[in-house]
Amino acid sequence: MREYLLTLCITAAVTYLLTGPVRKFAIVAGAMPEIRARDVHREPTPRLGGIAMFFGLCAGLLVADHLTNLNQVFEKSNEPRALLSGAALIWLIGVLDDKFEIDALIKLGGQMIAAGVMVMQGLTILWLPIPSVGTVALTQWQGTLLTVALVVITINAVNFVDGLDGLAAGMVCIASAAFFMYGYRIWYSYGIEAAAPATLFAAILMGMCLGFLPHNMHPARIFMGDSGSMLIGLVLAAGAISITGQVDPDRLNLFSGSERSTVHQMVPAYIPLLLPLTIIAVPAADLILAIVRRTWRGQSPFAADRGHLHHRLLEIGHSHSRSVMIMYFWSALIGFGALAYSVNNASMWIVLAFVVLSAIGLVLLLLPRFTPRAPRWAEAFVPPRYRRRRVAPEPASAAAGERSGEHPEAQTGEQTEARTPVAVGVSGVNGATAVGPRSRAAR
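Description of the structure in this document. (Residues numbered from 1 in each chain as written. Predicted model: local features only at pLDDT ≥ 70, side-chain atom pairs only at ≥ 80, totals over all residues. Heavy atoms only, no water.)

### Thoughts on the overall build of the protein chain
As a reminder of what qualifies: A run of H or I in DSSP becomes a helix once it reaches four residues, and a run of E becomes a strand once it reaches two; helices and strands are each numbered from the N terminus. For every residue, the accessible area obtained with a 1.4 Å probe (protein chains only) is divided by the maximum for its type, and the residue is called buried under 20%, exposed over 50%, and partly exposed between those limits. Per-residue accessibility takes into account occlusion by the displayed protein chains alone, with areas from the Shrake-Rupley method and a 1.4 Å probe.
A tally of regular secondary structure across the protein chain gives 18 helices and 4 strands. Going through the 443 residues of the protein chain one by one, you find that 46% of them count as buried. Carbon and sulfur atoms provide 65% of the accessible area of the protein chain, an area that totals close to 22,700 Å².

### As for helix 1 (residues 2-29)
In plain terms, the rule: The span one expects for a helix is its residue count, reduced by one, times 1.5 Å. Given a residue, its bend is the angle between the two axes fitted to the seven residues that end at it and to the seven that start from it.
For helix 1, spanning 28 residues, the distance from its first C-alpha to its last is 39 Å, which sits close to the expected 40 Å at 1.5 Å a residue. Along its length, helix 1 reaches its greatest deviation from straightness, about 35°, at Thr-19, and the proline Pro-21 lies no more than four positions downstream. What helix 1 keeps buried is the set Glu-3, Tyr-4, Thr-7, Leu-8, Thr-11, Ala-12, Thr-15, Thr-19, Val-22 and Ala-26. A positive backbone phi angle near 80° is found at Gly-30, which sits one or two residues after helix 1.

### Re helix 2 (residues 50-65)
With 16 residues, helix 2 extends 23 Å between its outermost C-alpha atoms, agreeing within 8% with the 22 Å of an ideal straight helix rising 1.5 Å per residue. All of the buried residues along helix 2 are Gly-50, Ile-51, Ala-52, Met-53, Phe-54, Gly-56, Leu-57, Ala-59, Gly-60, Leu-61 and Ala-64.

### Looking at the pattern of salt bridges
Two side chains carrying opposite charge are able to pair once their charged atoms lie near each other. Condition: When a carboxyl oxygen of Asp or Glu is within 4 Å of a side-chain nitrogen of Lys or Arg, the pair counts as a salt bridge.
According to the stated counting rule, one finds 3 salt bridges in the structure shown. Between Arg-47 and Glu-101 there is a salt bridge, with its nearest N and O atoms 3.8 Å apart. One end of the pair, Arg-47, is in the loop between helix 1 and helix 2; the other, Glu-101, is in the loop between helix 4 (79-100) and helix 5 (104-120), with 54 residues separating them in the sequence. Residue Arg-47 is classed as buried on the basis of its relative accessible area of 10%.

### Here we look at the packing of helix 1 against helix 8 (residues 196-216)
Under the convention used in this document: Interaxial angle, 0 to 180 degrees, is taken between N-to-C directions of lines fitted to C-alpha atoms, where a helix line uses only the stretch in contact. Handedness of a crossing follows from how the near helix is turned relative to the far one, being left-handed for an anticlockwise turn of less than a right angle and right-handed for a clockwise one. Three categories are distinguished: nonpolar for Ala, Val, Leu, Ile, Met, Phe, Trp, Tyr, Cys and Pro, charged for Asp, Glu, Lys and Arg, and polar for the others, with Gly belonging to the last.
Packing of helix 1 against helix 8 leaves a shortest axis separation of 7 Å and a crossing angle of 35°. Of the two possible hands of crossing, helix 1 and helix 8 adopt the one that is right-handed. Across the contact of helix 1 with helix 8, the residue classes tally to 13 nonpolar, 9 polar and no charged.

### Comments concerning the packing of aromatic side chains
Under the convention used in this document: Stacked, edge-to-face and tilted labels apply to pairs of Phe, Tyr and Trp rings (six-membered ring for Trp) whose centres lie within 6.5 Å, assigned for plane angles under 30 degrees, over 60, and everything in between, in that order. Two limits define a charge over a ring: the Lys NZ or Arg CZ must be within 6 Å of the ring centre, and within 35 degrees of the ring normal.
Going through the model one piece at a time under the given rule, you end up with 7 aromatic pairs. Summarising the aromatic geometry, the rings of Phe-55 and Trp-91 are spaced 6.2 Å apart at their centres and angled 80° between planes, so their arrangement reads as edge-to-face. Residue Phe-55 is found in helix 2, and its partner Trp-91 is found in helix 4; the two are separated by 36 residues along the sequence. The exposure class assigned to Phe-55 is partly exposed, which follows from its relative accessible area of 41%. With a centroid separation of 5.9 Å and 25° between ring planes, the pair formed by Phe-180 and Tyr-184 is classed as stacked. Note that Phe-180 and Tyr-184 are positioned in helix 7 (residues 167-190) at a spacing of 4 residues, about one turn of the helix. Taken together, the aromatic side chains of Tyr-4, Phe-180 and Tyr-184 make up a single cluster linked through ring pairs. The residue whose ring lies beneath Lys-99 is Phe-100, and the NZ or CZ to ring-centre distance is 6.0 Å.

### Some points on the state of the cysteines
What counts here: In this description, the term disulfide denotes a pair of cysteine sulfurs within 2.5 Å.
Counted according to the given criterion, the structure contains 0 disulfides. In this model Cys-209 remains outside any disulfide bridge; the closest cysteine sulfur is found in Cys-173, 5.4 Å from its own.

### Here's the deal with the environment of Tyr-4
Rules: Whether two residues are in contact is decided by their heavy atoms, any of which lying within 4.5 Å being enough.
For Tyr-4, the location among the structural elements is in helix 1. Spatially, the C-alpha atoms of Tyr-4 and Gly-60 are 9.7 Å apart, while their sequence positions differ by 56 residues. Beyond its immediate stretch of four places on either side in the chain, Tyr-4 contacts Leu-70, Phe-180, Tyr-184, Trp-187, Tyr-188, Ala-196, Thr-199, Leu-200 and Ala-203.

Right, dumping it as structure tokens:
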């Protein structure tokens, strides 16, 4: 665990320290597009934040390669090299898009090529655990198609949700935290070393997001752009492919009794990692809704609009920060709920807690104007908008004037005359001009 934490901290530190220079480079390079109709920010903001995140990824892999225990991941598996190859390719495409805004179909082709590069180096799905059936081995073509589809879906899901300051980085950080806990449990609790690469990927991904978030929180000083959103989507997909398609459920038979019962027990975690619909359920839902909405209108599925979930939260009255927090809440609830259910799917307390928290989330959605107030003793620890408003006491002179019957603003005659509005020429409907008495004297 200490080596994972060290890798995470190094990745976060490198990403954080490089984001400032990258911001200056983006401004000089002109990677500051004009504000578009679908944007929610009001000032041009530099992109290319994915440059810092990519170098954070490289630093994390380099540090892990020189650690005693994590070095075995590089010696026994080719998956870290496959991840780095695919990440470098998708990152280059993202950098070009942040600067020149390349066509959507070209980006889609680049995503598929990056996924194919990882497949060629061994990062692919070999089999699937199916409930009540057992382990189903996949042919080479089936594994390749499923791997490429998972990579493309995850990349675009993260890319579509990157519409508010800190939203994509925070949601992927939450997803990678749940992913890390699951992978660490499979590796150390069951002794399955094949889960080590996915656990390492999750730790590095958390560091990339945590290092970038301080620069990207509202109001953001820099955006990650497609170079960052597609990169973190690919890393998340790579971990899901690794742990789902490489970990053999047969090795869990010693702990569960039979292959069928093992598969049934691990389904709550395997299926979310196969098609990340629970760990990143909110981005996946946003992706599906966007495709259906745009296709129904006769538009391209890649045509940008203002119909995403975060746009709708803003339209119903939620502030920018609260919209982000609501998306964080649902991502954490679904991701960690699936993780808890995979650990102990026989406990009704987990289901009950999930239902209660879902009800709280629905209430928050229906009360966009509600602002919670902190108690008096906690006001020093919360932002000013959550503190209770104090009514300022009236000045003593104003109170004395009211008691004496005089208006507190009563002044001398000169001052009163100076405040008297002066009539000026105002054009009427028919072109006539209304002239005040002082204007006539002037004429």
